[in-house]
Amino acid sequence: MSIPGTVQVALYRQILLIRRTEEQLVRSYQRGLIHGACHTYIGQEAVAIGVCAHLRPDDLVFSTHRGHGHALAKGVPPGALIAELFGRATGCSGGRGGSMHLFAPEVGLMGTSGIVAASILQATGAAYAFSLLKQERVSVAFFGDGAANNGAFHEGINMASIWQLPVVFVCENNLYATEVPFASVSRNPDVAARTQAYGLPGQVVDGNDVLAVYEAAAEAVKRARSGAGPTLLECKTYRTRPHSEGMRDTGYRSPEEIEAWKARCPIKRLASRLLGEGTASESELARIEAEVQAVVEEALAFAESSPWPDPATLTDHVYSV
Amino acid sequence: MRELTFVAAAREGLAEEMARDPSIFVMGEGVGARGGNFNTTTGLYELYGPQRLRDTPICERGFTGLCTGAAMAGARPVVDFMFIDFELDALGELFHQTSRIQYMSQGRIKMPILLRGCIGIFGSAGPHHSGNYYPLFMHVPGFRVAVPTTPADAKGLIKTALRCNDPVLFLEHKGLLNVRGPVPDGEHLVPFGQAAVVRDGRDVTVVAIALQVKHTLEAATRLQQEGISVEVIDPRTLAPLDTATIAASVHKTGRLLIVDEDFAPCGVGAEIATQIVDQVFDDLDAPIRRLNGAFVPTPYSPPLEAAAVPGVEKIAAAIRDLVAE
Ligand SMILES: Cc1ncc(C[n+]2csc(CCOP(=O)(O)OP(=O)(O)O)c2C)c(N)n1
Ligand SMILES: [Mg+2]
């Protein structure tokens, strides 16, 4: 598959937007502006971008506690994301949810989740609805290696497979669930191998190579949309920050391991490829960098100047009427 | 007396019982070398190793069912859910199996299992990490439910729980974990079903649950200056529920308020009010009142979260209103 230069440059811009937004959230967390948990996506950006590049606005994404990148990749404005983490009324959940409860159905982000593995069954159900309603839409479940050991994973991929549902399962295997190494909770290091038991295609992908993810996801989304059933992509990747901001990051993994993965930074890799193949020039990348910075600064200013939610609205939306 | 934090006191109780009883093991995510997300097991892995401090995959239903089987076969499991919210993934196992295998086996099989986790609305934990859920377990026959509020009770109740042959929910409010308080030296057990009168008063009885006990005591101190004398009761266990102590207090004060950050419908307050009406109707000088958290999934944003819970101001206002009835 040859990916056009313009597409590659567009991917670069998007991947950079996630990184710079996350870096801003880290600083904001350190300043005490984020009130609850904040799990960053730094290091894993290629996965969300490579997958969501193939989705239409009415395709649906179901995400995890580490969902800022999925939200941005699906089109949530950075301002609405930051404002949500700041607990402001203009946040994408009106301040009700925070980092782990981002909702933007208008762009197909059907929720990040504080409960591990919830995305898998919900995405399977959305795909069931698409197939029932004869719509050519696709749903995507993002989830971690930790979720792959939850019953919901086994039950979800089995149902998707037997009913040939239009869903793509994207396992982001970043080698750890909090501080638990995947190797200590799975005898087989590959989540993708589990698909054999359930009769759906599974593929291991370099999750730090946005073009590799882009290619694999193109196939998987096409398969789903054409009615040929689900696929599981296992993207091997790594989070280079602690599990959650404010948590320790020692005692369970080595500084050398972190450095080795930082060297495989998906952004640096794409940049050197763009430059090496002459797809983009240094000055072009610098311009993108400046533009992305400006977007993030504007988003931050928007969030900081946004109002708090009105306590009088506390019980709005518990019921439909 | 020496002082410990709530979480250290509970951990000391667990450590003492693990030393006493080799059939005790702990299962949960990160309970091994990491010492638990809330430091519930810090230091124990070094003493007892991986078989007795077992890190699990993220499969709550799986390890709850497994621990139920282990309890049936002579072990004494402690399931550490970290946040009690995650236990909901295992409710089928707990309600169908754990709670009623003793009954179904006509008492021939025991169910010595401790189910622990943090509860409560605290620190912008948001809709998936702020649950209380104790009424669920009060409602199902078979469970015992302990909700300690002081370090001493945390230690005394966890030790009692670890000698109990019924499934015990041990619920720790996140807002209390780092509270310090005196803990007796030596063997210290607190029996189930004995409420504590944590402040004596004449004018009104307030039963408070978990973190609200702390807030109610603060409100009571303030109201003292206004000439209102508040008696505060901490039930300590919700199942069994010591209504005799509450009734005796109401006999004296004639007024009862139940303060609970959990939802009102079918909640602890409804249960206490009904039992108290049954027992001491003639002693009541005013209707029984409840002060609960808002009936809403717990929101994240600080001003919304604050609006969702009782707290010193609202408790003081509710007590003033009740005394004026
Ligand atoms: C049902 C449930 N159990 C436990 C948790 C606590 N928890 C939050 S994140 C996490 C680790 C998740 O690991 P993984 O799925 O690999 O995602 P990662 O954090 O690595 O992105 C755990 C155990 C939870 N949120 N939900
Ligand atoms: Mg992981």
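For the structure, check the block above.
1. What to know about the site of ligand 1
Surveying the vicinity of ligand 1 reveals 20 residues, the closest of which are A:His65, A:Arg66, A:Gly114, A:Gly146 and B:Glu60. Chain contributions to the surroundings of ligand 1 come from chains A and B. Within the side chain of A:His65, an N or O atom sits 2.7 Å from an oxygen atom of ligand 1. Measuring from a nitrogen atom of ligand 1, one finds a backbone N or O atom of A:Val116 at 3.1 Å. Here ligand 1 loses 95% of its free accessible area of 570 Å² to cover by the protein chains.

2. Points about the packing of aromatic side chains
What the rule picks out here adds up to 12 aromatic pairs over all chains. Seen from their ring centres, B:Phe63 and B:Phe81 are 6.1 Å apart, and the 35° between their planes marks the pair as tilted. Of this pair, B:Phe63 sits in helix α3 (residues 60–72) while B:Phe81 sits in strand β4 (residues 76–83); the two residues are 18 residues apart in sequence, bridging distant segments of the chain. Note on B:Phe81: relative accessible area 2%, which makes it buried. Ring pairing ties together the aromatic residues A:Tyr176, A:Tyr238, A:Tyr252 and A:Trp261, which thus form one cluster. The ring of A:Trp308 has A:Arg88 sitting right over it, with the charged end atom 4.1 Å from the ring centre. Between A:Arg264 and the ring centre of A:Trp261, over which it is positioned, the NZ or CZ distance is 4.5 Å.

3. Here's the deal with helix α11 (residues 266–276) of chain A
Residues and elements named next belong to chain A. Among all positions of α11, only Pro266, Ile267, Leu270, Ala271 and Leu274 are buried. Seen along its axis, α11 keeps its buried residues to an arc of 130°; they face one direction. Facing away from the buried surface of α11 by more than 90 degrees, the exposed residues are Lys268 and Gly276. Next to the buried residues of α11 lie α1 (5–30), α2 (45–52), α9 (210–225) and α12 (282–304). After α11 finishes, the residue Gly278 shows a positive phi value of roughly 70°.

4. Re the nonpolar core
Core analysis: the biggest nonpolar cluster contains 66 residues, and A:Tyr12 and A:Val168 have the highest contact counts within it. Per-element tally for this core: the top contributor is α9(A), with nine residues. Here A:Val168 is in contact with A:Val138, A:Ser139, A:Val140, A:Ala141, A:Ala220, A:Val221, A:Ala224, A:Thr231 and A:Leu233, once residues within four sequence places are set aside. Counting 46 residues, the second largest nonpolar core, distinct from the first, contains B:Val79, B:Ile113, B:Val207 and B:Ala210.

5. Re the packing of helix α4 (residues 78–85) of chain A against α12(A)
Residues and elements named next belong to chain A. Running from N to C, α4 and α12 point in directions that differ by 45°, and their axes come no closer than 8 Å. For the element pair α4 / α12, the angle class is oblique. Seen along the crossing, α4 lies across α12 with a hand that is right-handed. Contact with α4, carried on its side by Pro78, Gly79, Ala80, Ile82 and Ala83, involves Val295, Ala299, Leu300, Phe302 and Ala303 of α12 and no other residues of that element.

6. Regarding the pattern of salt bridges
All names here are of chain A. Enumeration according to the criterion identifies 38 salt bridges over all chains in this entry. Residue Arg19 is joined to Glu45 by a salt bridge in which the shortest nitrogen-to-oxygen separation is 2.5 Å. Separated by 26 residues along the polypeptide, Arg19 in helix α1 and Glu45 in helix α2 bring together distant segments of the chain. For Arg19, a relative accessible area of 11% gives the class buried.

7. Details of the environment of A:Leu275
All names here are of chain A. Tracing the backbone shows Leu275 in helix α11. Placed 74 residues apart in sequence, Leu275 and Pro201 show a C-alpha to C-alpha distance of 34 Å. If near-sequence neighbours (up to four positions away) are discounted, Leu275 is found in contact with Ala280, Ser281, Glu282 and Leu285.

8. Thoughts on the interface of chain A and chain B
The interface is formed by 37 residues belonging to chain A together with 28 residues belonging to chain B. One salt bridge in this structure joins A:Glu179 and B:Arg34, with 3.6 Å as the shortest N-O distance. Linking chain A to chain B there are eight residue pairs in polar contact (both at pLDDT 80 or more). Of the residues belonging to the side of chain A that touches chain B, the class tally is 16 nonpolar, 16 polar and five charged.

9. Focus on the pairing of strand β6 (residues 202–206) of chain A
Residues and elements named next belong to chain A. The pairing of β6 with strand β7 (residues 231–236) spans five bridges and is classified as parallel. Opposite Gly202, over in β7, you have Leu232 as the bridge partner. With respect to chirality, the unit in which β6 leads through α9 into the neighbouring parallel β7 is right-handed.

10. Focus on the sheet that holds strand β11 (residues 230–234) of chain B
Residue and element names in this part refer to chain B. Strand order in the open sheet formed by five strands is β9-β11-β10-β13-β14, and the pairing between neighbours is mixed. Edge strands, defined here as strands with exactly one partner in the open sheet, are β9 (196–199) and β14 (289–292). Strand-to-strand twist of the sheet, defined as the mean angle between neighbouring strand axes without regard to direction, takes the value 25°. As judged from the four bridges shared by strand β13 (residues 256–260) and β14, these two strands associate in the parallel manner. Bridge pairing links Asp260 to Asn292 in β14. Contacting β10 (204–208), β11, β13 and β14, helix α12 (residues 312–324) runs over the sheet at an angle of about 165° to β13.

Parameters at a glance
- Residues numbered from 1 in each chain as written.
- Chains lettered and ligands numbered in written order.
- Predicted model: local features only at pLDDT ≥ 70, side-chain atom pairs only at ≥ 80, totals over all residues.
- Heavy atoms only, no water.
- Near = heavy atom within 4 Å.
- Polar contact = N/O pair within 3.5 Å; in protein donor to acceptor, adjacent residues only side chain to side chain.
- Areas by Shrake-Rupley, 256 points an atom, 1.4 Å probe, with all protein chains shown as cover.
- Phe/Tyr/Trp six-rings, centres within 6.5 Å; stacked < 30°, edge-to-face > 60°.
- Helix = DSSP H or I, 4+ residues; strand = E, 2+ residues; numbered from the N terminus.
- Buried < 20%, exposed > 50% of the residue type's maximum accessible area, 1.4 Å probe, protein only.
- Lys NZ or Arg CZ within 6 Å of the ring centre and 35° of its normal.
- Arc of directions from axis to C-beta.
- Contact = heavy atoms within 4.5 Å.
- Core = buried A, V, L, I, M, F, W, Y, C linked by side-chain atoms within 4.5 Å.
- Axes fitted to C-alpha atoms, helices over the stretch in contact; angles between N-to-C directions.
- Parallel < 35°, antiparallel > 145°, perpendicular 65-115°, else oblique.
- Left-handed = near helix turned anticlockwise from the far one by under 90°.
- Salt bridge = Lys/Arg side-chain N within 4 Å of Asp/Glu carboxyl O.
- Nonpolar A, V, L, I, M, F, W, Y, C, P; charged D, E, K, R; others polar.
- Pairing = 2+ DSSP bridges.
- Right-handed = clockwise from strand over helix to strand, strands pointing away.

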